[in-house]
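Below, each chain spelled out in residue letters.
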Amino acid sequence: MTRELAAFVRASRALVALTGAGVSTESGIPDFRSPASGLWASADPMRVASIDGFRDDPVGFYAFWRSHFRGIASAAPSGAHRVLARLERRGLLRAIITQNIDGLHQKAGSRATIEVHGSFHGARCLRCGARYATETFLAELGPRARPECLACGGLVKPDVVLFGELLGEALAVAERAIDDADALLVLGTSLAVWPVAGLVERAVERGARVAIVNREPTALDRDADLVIHAELASVMDALAVDLALGRDP
Ligand code: CNA
């Protein structure tokens, strides 16, 4: 199967990747929907990951995310992140559209990265718009303190798109990248979250070929030209060998 993936990459003239939380599990960051290890096995998404949940209980929101954000801040890129960065350097990958908020594609050296769900690095006051670095803000915030803006007392929210919020300009940028692509490589996502899952359908409608690599079946496997159900680490390592990508600099 990985030979077929290498052929898929070689045959493309404008390849774009779409990634999800599965590319970062090897980095120690749990995904949402894996049956035992996913965050939703132990938490209610509508309480800790929706804009209504955030407004109702901002202290509880940060109590849940504080340790996860700390883990994300200290995480190192996975093999999948590194192979994608090498594909871009070799001119074989145009852009990465990611649902992840962890910044690990950039840490691995990828440049053309479109973060459709935002990034945990920054935070913003919902009232006056004052900007904060999430890590610094959390370091100074007491464990049970309300996350209030130092300038106006409004609520400070990380720059991540929560359930119930609209996606920003990044979605339009992602759509343009899809429209210019002739092949889409989908990695480590259940494709259960919209409107991002719709980007796969958009690619198919515009005639692009689609390959999906994921441990479990996804919602859109039937739309893909190539589907591999396997661990990303082994598939991406084999892809790097098959394409003779060489070592990281
Ligand atoms: P998801 O719905 O949790 O799906 C992840 C998929 O990845 C699952 O189907 C797993 O089977 C698969 N998977 C996990 N590990 C591996 C692996 N090592 N090899 C192969 N497959 C694997 O997550 P999605 O990304 O689809 O959902 C979108 C949400 C998740 C976005 O809003 C993200 O912001 C959010 N999220 C992001 C992060 C992060 O930034 N690292 C972490 C957790 C959730």
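Worth saying up front: this structure is predicted, and the values here are computed from it rather than measured. (Residues numbered from 1 in each chain as written. Predicted model: local features only at pLDDT ≥ 70, side-chain atom pairs only at ≥ 80, totals over all residues. Heavy atoms only, no water.)

**Student:** Sorry if this is basic, but what is going on with the state of the cysteines here?
**Tutor:** Here, disulfide denotes a covalent bond that connects the sulfur atoms of two cysteines. The full count for this structure, using the stated rule, is zero disulfides. In this structure Cys125 is a free cysteine whose sulfur lies 3.5 Å from that of Cys152, the closest cysteine sulfur available. (Disulfide = S-S within 2.5 Å.)

**Student:** I tried to follow the sheet that holds strand 4 (residues 118-125) on my own but got confused; where do I start?
**Tutor:** Strand pairing in a sheet takes place through backbone hydrogen bonds and is either antiparallel or parallel in direction. Pairing within the open sheet is antiparallel, and its three strands lie in the order 5-4-6. Each end of this open sheet is capped by a strand with a single partner; those strands are strand 5 (131-133) and strand 6 (156-160). Neighbour-to-neighbour, the strand axes of this sheet turn through a mean angle of 35°, independent of strand direction. Docked against the sheet, helix 4 (residues 58-74) engages strand 4 and strand 6, running at close to 45° with respect to strand 6. (Pairing = 2+ DSSP bridges. Helix = DSSP H or I, 4+ residues; strand = E, 2+ residues; numbered from the N terminus. Axes fitted to C-alpha atoms, helices over the stretch in contact; angles between N-to-C directions. Contact = heavy atoms within 4.5 Å.)

**Student:** I would appreciate a short explanation of helix 9 (residues 197-205) in the present structure.
**Tutor:** Quick reminder: α-helices carry 3.6 residues per turn. Residues three or four places apart thus point the same way. Here helix 9 has its buried residues at Ala197, Gly198, Leu199, Val200 and Ala203. Residues of helix 9 that are buried make contact with strand 1 (15-19), strand 2 (95-98), helix 8 (169-179), strand 7 (183-187) and strand 8 (209-214). Once helix 9 finishes, Gly207 follows within two positions and takes phi at roughly 90°, a positive value. (Buried < 20%, exposed > 50% of the residue type's maximum accessible area, 1.4 Å probe, protein only.)

**Student:** How should the site of the ligand be read in this particular structure?
**Tutor:** Taken together, 27 residues are adjacent to the ligand, and Arg33, Asp102, Thr189, Ser190 and Glu216 come closest. At 2.8 Å, a side-chain N or O of Thr25 approaches a nitrogen atom of the ligand. In this structure, Gln99 approaches the ligand through a main-chain N or O atom, which is 2.8 Å from an oxygen atom. In isolation the ligand exposes 870 Å². Once the protein is present, 95% of that is buried. Partitioning the shell around the ligand into residue classes produces nine nonpolar, twelve polar and six charged. (Near = heavy atom within 4 Å. Polar contact = N/O pair within 3.5 Å; in protein donor to acceptor, adjacent residues only side chain to side chain. Areas by Shrake-Rupley, 256 points an atom, 1.4 Å probe, with all protein chains shown as cover. Nonpolar A, V, L, I, M, F, W, Y, C, P; charged D, E, K, R; others polar.)

**Student:** Looking at this structure, how should I read the packing of aromatic side chains?
**Tutor:** The description of an aromatic ring pair uses the distance of the two centres, along with the angle that the planes make with each other. Per the stated rule, a full pass over the model turns up ten aromatic pairs. Ring centres 6.3 Å apart and planes at 70° place the aromatic pair Phe54 and Tyr62 in the edge-to-face group. Considered together, Phe54 and Tyr62 belong to a single accessibility category, that of buried residues. Considering the side-chain rings of Phe64 and Trp65, the 4.9 Å spacing of their centres and the 90° angle between planes classify their relative orientation as edge-to-face. Over the aromatic face of Phe8 sits the side chain of Arg209, whose NZ or CZ is 4.5 Å from the ring centroid. (Phe/Tyr/Trp six-rings, centres within 6.5 Å; stacked < 30°, edge-to-face > 60°. Lys NZ or Arg CZ within 6 Å of the ring centre and 35° of its normal.)

**Student:** What should I look at first to understand the pairing of strand 7 in this one?
**Tutor:** Put simply, side chains in a regular strand alternate between the two faces of the sheet. Counting buried positions over the five residues of strand 7 gives five, a clear majority of the element. Alternating residues of strand 7 divide into Ala183, Leu185 and Leu187 and Leu184 and Val186, and every residue in both groups is buried. Of the strand pairs in this sheet, strand 1 and strand 7 are connected by five bridges, and their pairing is parallel. Looking at strand 7, one finds that Thr19 is bridged to Leu187. Alignment of strand 7 against strand 8, held across five bridges, turns out to be parallel. Residue pairing in the sheet places Val186 in a bridge with Ile212 of strand 8.

**Student:** Can you walk me through helix 1 (residues 2-10) in this structure?
**Tutor:** Of all the positions in helix 1, only Leu5, Ala6, Phe8 and Val9 are classed as buried. On an axial view of helix 1, the arc spanned by its buried residues comes to 155°, and they lie on one face. Exposed residues pointing more than 90 degrees away from the buried face of helix 1 are listed as Arg3 and Arg10. Considering only its buried residues, helix 1 is in contact with strand 1, helix 5 (79-89), strand 7, strand 8, strand 9 (226-229) and helix 10 (232-242). (Arc of directions from axis to C-beta.)

**Student:** Would you mind showing me how to read the nonpolar core here?
**Tutor:** Burial of nonpolar side chains together is a common tendency in soluble globular proteins. The biggest cluster of nonpolar side chains holds 29 residues, and the ones touching the most others in it are Phe54, Tyr62, Trp65, Phe69 and Val156. Secondary-structure elements contributing two or more residues to this core are helix 3 (51-56), helix 4, strand 4, helix 7 (134-140) and strand 6. With six residues, the top contributor of residues to this core is helix 4. Setting aside its immediate chain neighbours within four residues, Trp65 contacts Phe32, Leu39, Val48 and Ala49. (Core = buried A, V, L, I, M, F, W, Y, C linked by side-chain atoms within 4.5 Å.)

**Student:** Got a minute to help me understand the pairing of strand 4 in this structure?
**Tutor:** Counting buried residues in strand 4 gives six out of eight residues, a clear majority hidden from the surface. Where strand 4 meets strand 6, four bridges bridge the pair, whose relative direction is antiparallel. Residue pairing for strand 6: Arg124 is matched across the bridge by Lys157. Examined bridge by bridge, strand 4 and strand 5 share three bridges and lie antiparallel to one another. Among the inter-strand pairings, Ala123 is bridged to a residue of strand 5, identified as Tyr132. As consecutive antiparallel partners, strand 4 and strand 5 are separated by five residues, and within that stretch Gly129 has a phi angle of approximately 85°, a positive value.

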